[in-house]
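Here is how the chains run, residue by residue.
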Amino acid sequence: MNYIKITHDNLEYEHICCAISNNKDIQVSSKKAWLSERMKEGLVFLKSVERGKCFIEYIPAENAWCPIDANGYMHINCFWVSGSLKGHGYANDLLNACIADAKAQGKRGITVISSQKKMPFLSDPKYLAYKGFKVADTANPFYTLMYLPFVDKEIVPKFKECAKYPHIGKRGFVIYYTYGCPFTAKYVPIIKDYAKEKGVPLECVFIDSKEKAQNAPMAWTNYAVFYNGDYISNEILNEKKFAELILRFTKKMYSI
């Protein structure tokens, strides 16, 4: 398998795997704009030449859009190999490339946010453990910060306190999101329109800076759903899934 590193020179015309479409699609344009800014901060997006979900995205942890203390580490934002591209060793290739790059830059190791068991949008904890990653810290309700140190007795990274016990002082449904995940650009407006149509209280909070992300009230900042202050989910909602949440928490049923 051959791989391509996305740069400012090829970002405009290369597809970005997780949102395969034309550049006029809001999912593509929002993600590419986000990537362009993060590349100035050391972000690397490495993907297969094949059109599919086979890529790794990483950045120096000091610039990561998540509330962690991991100075000197390289942080994996997203790591995804799926579909027909699974089972060929491509995940190993991508991870090894990340490790080699981090070592070349003199990093302490690699960090990545995962979960106690495999969850949507999060890297597989079993695979990470198999590759030598260890759990450095945990955050409610199910998040783990995993790390791969390059030397023994390295400083152990951790979640910031603001993220360990996610809770906010707001009523109703609240969605936090970034453009770090392209799907948010499509589905957040859909959910906003659906909530307005049904008269469901909903606030959408757009995290538009590294500083906001690093001090967010939850571990996974790409997308987070709260209800009456309590953390619910990291899974990006469509109308059906949102209607199910409304029924679950308010006992009110709405049509799609």
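Scroll up a little and you will see the structure.
Residues numbered from 1 in each chain as written. Predicted model: local features only at pLDDT ≥ 70, side-chain atom pairs only at ≥ 80, totals over all residues. Heavy atoms only, no water.

Caption draft 1: Quick peek at the pattern of salt bridges. All told, the structure shown has 10 salt bridges when counted by the stated rule. With a closest N to O distance of 3.0 Å, lysine 40 and glutamate 37 form a salt bridge. (Salt bridge = Lys/Arg side-chain N within 4 Å of Asp/Glu carboxyl O.)

Caption draft 2: Summary view of the packing of helix α5 (residues 183–198) against helix α7 (residues 239–250). In contact at an axis separation of 10 Å, α5 and α7 are set at 50 degrees when each is read in the N-to-C sense. The pairing of α5 with α7 is recorded here as oblique in orientation. Judged by the twist between their axes, the crossing of α5 over α7 is right-handed. Seen from α5, the contacting residues are Ile190, Ile191, Tyr194 and Ala195; seen from α7, they are Glu239, Phe242, Ala243 and Ile246. The residue inventory of the contact of α5 with α7, partitioned by class, reads 7 nonpolar, no polar and 1 charged. (Axes fitted to C-alpha atoms, helices over the stretch in contact; angles between N-to-C directions. Helix = DSSP H or I, 4+ residues; strand = E, 2+ residues; numbered from the N terminus. Parallel < 35°, antiparallel > 145°, perpendicular 65-115°, else oblique. Left-handed = near helix turned anticlockwise from the far one by under 90°. Contact = heavy atoms within 4.5 Å. Nonpolar A, V, L, I, M, F, W, Y, C, P; charged D, E, K, R; others polar.)

Caption draft 3: Region of interest: unusual backbone geometry. In the segment running from asparagine 140 into proline 141, the intervening peptide bond is cis, with an omega of 0 degrees. Mapping proline 141 onto the fold places it in the loop between β7 (134–139) and β8 (143–149). At lysine 153, a residue that is not glycine, the phi angle is positive and equals roughly 60 degrees. Position of lysine 153 relative to the elements: it lies in the loop between β8 and β9 (158–159).

Caption draft 4: Examining the packing of aromatic side chains more closely. Tallying each qualifying case throughout the model produces 16 aromatic pairs. Ring geometry for tryptophan 34 against tryptophan 65: centres 5.5 Å apart, planes inclined by 80 degrees, an arrangement best described as edge-to-face. Linking tryptophan 34 in helix α1 (residues 26–39) with tryptophan 65 in the loop between β3 (54–60) and β4 (68–69), this pair joins segments that are 31 residues apart in sequence. Tryptophan 34 gets classed as buried once you look at its relative accessible area, which sits at 7%. Judged by relative accessible area, tryptophan 65 falls into the buried class, the value being 9%. Aromatic pair tyrosine 73 and tyrosine 147: ring centres 6.4 Å apart, planes at 70 degrees, arrangement edge-to-face. Note that tyrosine 73 is positioned in the loop between β4 and β5 (74–81) and tyrosine 147 in strand β8, a separation of 74 residues in sequence. You'll find tyrosine 73 and tyrosine 147 in the same group, each marked buried. Put simply, the rings of Phe142, Tyr143, Tyr176, Phe226 and Tyr231 touch in pairs and so form one group of aromatic residues. (Phe/Tyr/Trp six-rings, centres within 6.5 Å; stacked < 30°, edge-to-face > 60°. Buried < 20%, exposed > 50% of the residue type's maximum accessible area, 1.4 Å probe, protein only.)

Caption draft 5: Spotlight on the sheet that holds strand β10 (residues 173–177). Strand order in the open sheet formed by 4 strands is β11-β10-β12-β13, with mixed pairing between adjacent strands. Every interior strand has two partners, whereas the edge strands, β11 (202–206) and β13 (230–233), have only one. With strand direction ignored, the average angle separating the axes of adjacent strands in the sheet is 25 degrees. Along the sheet, α5 contacts β10, β11 and β12 (223–227); its crossing angle with β11, the most-contacted strand, is approximately 155 degrees. α7 rests against β10, β12 and β13 of the sheet, and its axis sits at about 140 degrees to β10. (Pairing = 2+ DSSP bridges.)

Caption draft 6: Geometry of the state of the cysteines. Tallied over the full model, the rule gives 0 disulfides. Here cysteine 204 stays free of any disulfide, with the sulfur of cysteine 181 as its closest cysteine sulfur at 15 Å. Given a relative accessible area of 21%, cysteine 204 falls into the partly exposed group. (Disulfide = S-S within 2.5 Å.)

Caption draft 7: Here's a closer look at the nonpolar core. Counting residues in hydrophobic clusters, the biggest one holds 42 residues, and the most contacted among them are Leu35, Tyr143, Phe159, Tyr176, Met218 and Phe226. Looking at this core, the elements that each hand over two or more residues are α1, β3, β7, β8, β10 and β12. Beyond its immediate sequence surroundings of up to four residues, tyrosine 176 is in contact with Ile168, Lys170, Val205, Ile207, Pro217, Met218, Thr221, Asn222, Tyr223, Ala224 and Phe226. Listed in part, the 24 residues of the second largest apolar core include Val44, Val81, Tyr90 and Leu95. (Core = buried A, V, L, I, M, F, W, Y, C linked by side-chain atoms within 4.5 Å.)

Caption draft 8: Geometry of the sheet that holds strand β2 (residues 44–48). Strands sit in the order β1-β2-β3-β5-β6-β8-β7 across an open sheet of 7 strands; the sheet is mixed. The sheet is open, and its two edges are formed by β1 (3–6) and β7, each paired on a single side. In this sheet, neighbouring strand axes are inclined to one another by 25 degrees on average, regardless of whether the strands run parallel or antiparallel. Strand direction decides the pairing type here: β2 and β3, joined by 4 bridges, are antiparallel. Following the sheet pairing, phenylalanine 45 is matched in β3 by glutamate 57.

Read these as layout, nothing more, since geometry by itself doesn't imply function.
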